[in-house]
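Structure at a glance
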Amino acid sequence: MSAAKADAHKDIEKLSFEEALAQLEKIVSQLESGNAALENSIELYERGTALKAHCEARLKAAEARIEKIALSSSGEPSGTEPLDVG
């Protein structure tokens, strides 16, 4: 990967989920329009792939932090436990 591409992907790591998703949606729109030149389309696709991976990693990290409320036998909250998403 060239230094320019490495730098471009590094800036993605600093984005919030919402920022990365907004950029990804813009890229998808540009690609779907069919108005981008071939070389630009390839660059957009590569960045989109990196943004998608970043969003998936952010979601996975958030999912790991979610806890559910555990209830006692009487139905009262008794603490929290990890969310079972399997």
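Everything quoted here is computed from the prediction, not taken from an experiment.

Rules used in this analysis
- Residues numbered from 1 in each chain as written.
- Predicted model: local features only at pLDDT ≥ 70, side-chain atom pairs only at ≥ 80, totals over all residues.
- Heavy atoms only, no water.
- Salt bridge = Lys/Arg side-chain N within 4 Å of Asp/Glu carboxyl O.
- Helix = DSSP H or I, 4+ residues; strand = E, 2+ residues; numbered from the N terminus.
- Buried < 20%, exposed > 50% of the residue type's maximum accessible area, 1.4 Å probe, protein only.
- Core = buried A, V, L, I, M, F, W, Y, C linked by side-chain atoms within 4.5 Å.
- Contact = heavy atoms within 4.5 Å.

Once the charged atoms of two side chains with opposite charge are near each other, the side chains can pair. All told, the structure shown has two salt bridges when counted by the stated rule. A salt bridge links Asp11 to Arg47; its shortest N-O distance comes to 3.2 Å. Taken together, the residues span a long stretch of sequence, with Asp11 in helix α1 (residues 3-13) and Arg47 in helix α3 (residues 38-65) at a distance of 36 residues. What makes Asp11 partly exposed here is its relative accessible area of 32%. Between Glu56 and Lys52 there is a salt bridge, with its nearest N and O atoms 2.8 Å apart.

The next point concerns the nonpolar core. Formed by Ile12, Leu15, Ala20, Leu24, Ile27, Leu44, Ala50, Leu51 and Cys55, the largest nonpolar core amounts to nine residues. If you list the elements that add at least two residues to this core, you get α2 (17-33) and α3. In terms of residues, this core owes the most to one element, α3, which gives four residues. Discounting chain neighbours no more than four positions away, the residues touching Leu15 are Ala20, Gln23, Arg47, Leu51, His54 and Arg58.

Within the element layout of this structure, His54 appears in helix α3. Every residue in contact with His54, bar those within four places of it in the chain, is listed here: Ile12, Glu13, Leu15, Ser16 and Ala20.

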